Amino acid sequence: PEGVTSIGDYAFSWCYGLTGDLVIPEGVTSIGDYAFSECYGLTGITVESGNLYYSSVDGMLLSKDGTVLIQCPGGKTGSLVIPEGVTSIGDYAFSDCDGLTGDLVIPEGVTSIGDYAFSWCYGLDGTLTLPSTLATIGNSVFYGCSGLTGNLVIPEGVTSIGDYAFSGCYGLTGDLVIPEGVTSIGNTAFSQCSGLTGDLVIPEGVTSIGSSAFSWCYGLASVTFMGDAPTMGTEVFAYMFDGFVVYYMPGASGFD
């Protein structure tokens, strides 16, 4: 209702019986984390034009300046177009939006994608395009996006890949290239990405690889470490095909 100025964390989370379009009054000055996450029945979010803190585009909730995409309603269907000008996609922004279909194109200018941002969007059934401006990939960002297809190209500017980031994306194909700037690869980051192929190269700058990071990636033929052994969890390359080979540079330390 009019007069509300603050909506707290998780305020309507899991209210999947709510339907239709949600209207945010112009007097709302703060919206907490995950306030509308998992609201599967909502098909749109509209912010009144006089609101000084938030805006809406194509039924999605954004910051007033349009740089932060906060929430896509869980009932939104059809192809997804992320508005130009967005630089950050928030945690859980599209989580469980399984009515979205087609390609997932994240536009140039986006520098960060929050935790679980596209998790379980298994209706997306086209190619995944990541922008060259991307610097961080959060935890479970594309977890369970089994419908995404095509080559997985990680941009050169990425420095960290979170836990479960691409886990279960078995439709992604092609050679997996880890950019030179990456320093950490999270637990189960690429687990079950069985469509990835070729010879994996771990750059010299990678200092940590989490447990099960490449487990069940049985399309990979080999891995080559370009520097000293990073800190590694358990079963990093578990459940690979017979013949999978590990290489490391002469004089490199930390390998047994």
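Conventions we followed
Residues numbered from 1 in each chain as written. Predicted model: local features only at pLDDT ≥ 70, side-chain atom pairs only at ≥ 80, totals over all residues. Heavy atoms only, no water. Helix = DSSP H or I, 4+ residues; strand = E, 2+ residues; numbered from the N terminus. Rg over C-alpha atoms; globule rule 2.2 N^0.38 Å. Buried < 20%, exposed > 50% of the residue type's maximum accessible area, 1.4 Å probe, protein only. Areas by Shrake-Rupley, 256 points an atom, 1.4 Å probe, with all protein chains shown as cover. Core = buried A, V, L, I, M, F, W, Y, C linked by side-chain atoms within 4.5 Å. Contact = heavy atoms within 4.5 Å. Patch = residues over 30% accessible without salt bridge, like charges linked within 9 Å, V, L, I, M, F, W, Y side chains within 5 Å. Salt bridge = Lys/Arg side-chain N within 4 Å of Asp/Glu carboxyl O. Lys, Arg positive; Asp, Glu negative; His and termini not counted. Charge placed at Lys NZ, Arg CZ, Asp CG, Glu CD. Pairing = 2+ DSSP bridges. Polar contact = N/O pair within 3.5 Å; in protein donor to acceptor, adjacent residues only side chain to side chain. Disulfide = S-S within 2.5 Å.

**Thoughts on the overall build of the protein**
Logical step 1: From N to C terminus, the protein includes zero helices and 23 strands.
Logical step 2: Computed over C-alpha atoms, the radius of gyration of the protein comes to 20 Å, within 12% of the 18 Å expected from 2.2 N^0.38 for 256 residues, which places it in the range of a compact globule.
Logical step 3: Along the longest, intermediate and shortest principal axes, the C-alpha atoms of the protein span 70 × 30 × 25 Å.
Logical step 4: The buried share among the 256 residues of the protein stands at 48%.
Logical step 5: Summed over all atoms, the accessible surface of the protein reaches about 11,100 Å², with 53% contributed by carbon and sulfur.

**Regarding the nonpolar core**
Logical step 1: F94, F118, F142, F166, F190 and F214 are the most contacted members of the largest nonpolar core, which has 58 residues in total.
Logical step 2: Filtering out sequence-adjacent residues up to four positions away, F142 remains in contact with L104, I106, I113, F118, L128, L130, L148, A165, F166, S167 and C169.
Logical step 3: Counting residues in each nonpolar core, the second largest holds 10 residues, with I7, A35, V47 and Y54 among its members.

**Some details on a negative patch on the surface**
Logical step 1: Taken together, the side chains of E156, E180, E204 and D228 make up a negatively charged region of the molecular surface.
Logical step 2: Here D228 is to be found in the loop between β21 (220-225) and β22 (231-232).

**Side note on the sheet that holds β21**
Logical step 1: Taken in spatial order, the five strands of this open sheet run β15-β17-β19-β21-β23, and their pairing is parallel. Across the chains shown, the open sheet's two edge strands, defined by having one partner strand only, are β15 (150-151) and β23 (245-248).
Logical step 2: Inspection of the sheet shows β21 paired to β23 by four bridges, in the parallel sense. Within β23, the residue paired with T224 across the bridge is Y247.

**Some remarks on the side chain of S191**
Logical step 1: Relative to the helices and strands, S191 resides in the loop between β18 (184-185) and β19 (196-202).
Logical step 2: For S191, the side chain forms a polar contact with the side chain of S215, separated by 2.9 Å.
Logical step 3: Ignoring sequence-local partners within four residues, the contact set of S191 consists of F166, S167, G168, S212, A213, S215 and W216.

**Describing the state of the cysteines**
Logical step 1: One pass over the structure, following the stated rule, counts zero disulfides.
Logical step 2: Residue C15 stays outside any disulfide, its sulfur separated by 5.5 Å from that of C39, the closest cysteine.
Logical step 3: Counting only cysteine sulfurs, C72 is the nearest neighbor of C97, a cysteine outside any disulfide, at a range of 4.1 Å.
Logical step 4: Taking relative accessible area as the criterion, C97 reaches 0% and is therefore assigned buried.

**A word on the sheet that holds strand β14 (residues 136-137)**
Logical step 1: The strand order β5-β6-β7-β9-β12-β14-β16-β18-β20-β22 describes an open sheet built from 10 strands, whose pairing is mixed. Either end of the sheet is taken by a strand with one partner, and the two such strands are β5 (54-57) and β22.
Logical step 2: With four bridges joining them, β5 and strand β6 (residues 60-63) adopt antiparallel strand pairing. Bridging across to β6, S55 finds its partner in L62.

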